[in-house]
Amino acid sequence: MSRLTVLTGASRGLGRAMAQQLLQPGATLLCISRHSDAALLQQAKAAGATLEQWEQDLSEPVAAVARLTAWLQAIDSARFARATLVNNAGTIGQPRPLADGVAAELAQALRVGLEAPMLLAGAFLGATRDWAGRREVLNISSGLGRNAMGSQAPYCAAKAGMDHFSRAVALEQAALPNGAKIVSLAPGVIDTDMQIQLRGTSAEAFPDRERFVQLKAQGMLDSPATAAAKVLAYLDRADFGSKPVADVRDA
């Protein structure tokens, strides 16, 4: 018996680092991303892990949900002692005041950042409801879901929505005999492409730009590998799920 993990947004940054660390001997990992990664496949073969990669646009989440549901229903659940969904994919879009926003970009940010995680969580929980092993949903949130920032309305809204739907689902699952544990986890500040994008935005469009410039200059950013190790260590905690909205730095 081994571990099954479904991970979104695995093609870069935190998601790719988590994928690398999840490829342990005997593990099964399904990555749902915009692009597949040949290097991950080679790592999986070397580690004796099973890796499947789907190139899927999560701004069209209904198709991804149908595919995931069918895939999970076809699996022999007795093979796995543990099944985990990690909703990591997200986008900050182009930082700008909402009044200057482009409707199509705003819609995409909310679909990828909130609609897709909610639909995928529902599909995962429904398809695995009769599985005997441990089940978990880990939603990668952000401090911006809990503290607002100008020119980041869609990202703040998506992460706040992720936090609150996690609270609601935690209540639902707690009432079930083998309910899943769900946590919306802020992973800390990480040196990813999102940070580069924020630093590269004009101060006129993004008044908090200098804050992110200073985070980089002062060495305050975790590497993706360091952040991934912290997130996966939190996922392995015995008390995972006791707080449906949490921070990786929580004691």
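Residues numbered from 1 in each chain as written. Predicted model: local features only at pLDDT ≥ 70, side-chain atom pairs only at ≥ 80, totals over all residues. Heavy atoms only, no water.

Q: Would you explain the overall build of the protein chain in this entry?
A: Along the backbone of the protein chain there are eight helices and seven strands. Overall, the C-alpha framework of the protein chain stretches about 55 × 40 × 40 Å when taken along its three principal axes. Counting only residues that meet the buried cut, the protein chain has 47% of its 251 residues in that class. Relative to all contacts within the protein chain whose residues are 6 or more apart in sequence, the contacts with residues 24 or more apart total 68%. Accessible surface for the protein chain amounts to roughly 11500 Å². Of this, 54% is attributable to carbon and sulfur atoms. Separation between the mean location of the 25 positive side-chain charges and that of the 23 negative ones in the protein chain comes to 4 Å. (Helix = DSSP H or I, 4+ residues; strand = E, 2+ residues; numbered from the N terminus. Buried < 20%, exposed > 50% of the residue type's maximum accessible area, 1.4 Å probe, protein only. Contact = heavy atoms within 4.5 Å. Areas by Shrake-Rupley, 256 points an atom, 1.4 Å probe, with all protein chains shown as cover. Lys, Arg positive; Asp, Glu negative; His and termini not counted. Charge placed at Lys NZ, Arg CZ, Asp CG, Glu CD.)

Q: Looking at this model, I keep getting lost on the pattern of salt bridges. Mind explaining?
A: Side-chain pairing between opposite charges can occur once the charged atoms of the two side chains come close. For the structure on display, the rule yields 13 salt bridges. Close ionic contact of Lys243 with Asp250 constitutes a salt bridge, the shortest N to O distance being 3.1 Å. When salt bridges that share partners are traced, they join Arg3, Arg82, Arg134, Glu136 and Asp236 into one network. (Salt bridge = Lys/Arg side-chain N within 4 Å of Asp/Glu carboxyl O.)

Q: Can you help me understand helix H3 (residues 61-73) in this one?
A: Note that an α-helix has 3.6 residues per turn; residues three or four places apart therefore point the same way. Across its 13 residues, H3 extends 18 Å between first and last C-alpha, which sits within 8% of the 18 Å expected from 1.5 Å per residue. Of all the residues in H3, the buried ones are Pro61, Ala64, Val65, Leu68, Trp71 and Leu72. Angular distribution of buried residues about the axis of H3 spans 135 degrees; they occupy a single face of the element. Away from the buried face of H3 by more than 90 degrees, exposed residues Val62, Ala66 and Gln73 are located. Packing partners of the buried residues in H3 comprise strand S1 (2-8), strand S2 (28-33), strand S3 (50-55) and helix H4 (103-127). (Expected span 1.5 Å × (residues − 1). Arc of directions from axis to C-beta.)

Q: Looking at this structure, I do not really get the sheet that holds strand S4 (residues 80-87). What am I missing?
A: Strand pairing in a sheet relies on backbone hydrogen bonds, with the paired strands running either antiparallel or parallel. A sheet is described by the order of its strands in space; here seven strands give the open sequence S3-S2-S1-S4-S5-S6-S7, paired in parallel fashion. Only two strands of the sheet have a single partner each, and these edge strands are S3 and strand S7 (245-247). Averaged over all pairs of adjacent strands, the angle between strand axes in this sheet comes to 20 degrees, irrespective of strand direction. Of the pairings in the sheet, the one linking S4 to strand S5 (residues 134-140) comprises six bridges and is parallel in character. Looking at the pairing, Arg82 lines up with Arg134 of S5. (Pairing = 2+ DSSP bridges. Axes fitted to C-alpha atoms, helices over the stretch in contact; angles between N-to-C directions.)

Q: Looking at this model, I keep getting lost on unusual backbone geometry. Mind explaining?
A: A negative phi angle characterises most non-glycine residues, just as the trans form characterises most peptide bonds. Unusually for a residue other than glycine, Ser151 sits at a positive phi of about 65 degrees. Within the secondary structure layout, Ser151 lies in the loop between S5 and helix H5 (153-174).

Q: Can you help me understand the environment of Asp57 in this one?
A: Following the sequence through the fold, Asp57 ends up in the loop between S3 and H3. Considered as a pair, Asp57 and Leu30 are 27 residues apart in the sequence and their alpha carbons are 15 Å apart. Within polar-contact distance, the side chain of Asp57 engages the side chain of Ser59 at 2.7 Å. (Polar contact = N/O pair within 3.5 Å; in protein donor to acceptor, adjacent residues only side chain to side chain.)

Q: What exactly am I supposed to notice about the packing of helix H1 (residues 13-22) against helix H8 (residues 224-235) here?
A: To describe two helices that pack against each other, one gives the angle between their axes and the distance between the axes. Orientation of H1 relative to H8, taken along the N-to-C sense of each, is 65 degrees, at an axis distance of 8 Å. Between H1 and H8 lies a crossing whose hand is right-handed. In this structure, H1 uses Gly13, Leu14, Ala17, Met18, Gln21 and Leu22 to contact H8, whose residues at the interface are Pro224, Ala225, Ala227, Ala228, Ala229, Val231 and Leu232. Tallied by class, the residues present in the contact of H1 with H8 amount to 11 nonpolar, two polar and no charged. (Left-handed = near helix turned anticlockwise from the far one by under 90°. Nonpolar A, V, L, I, M, F, W, Y, C, P; charged D, E, K, R; others polar.)

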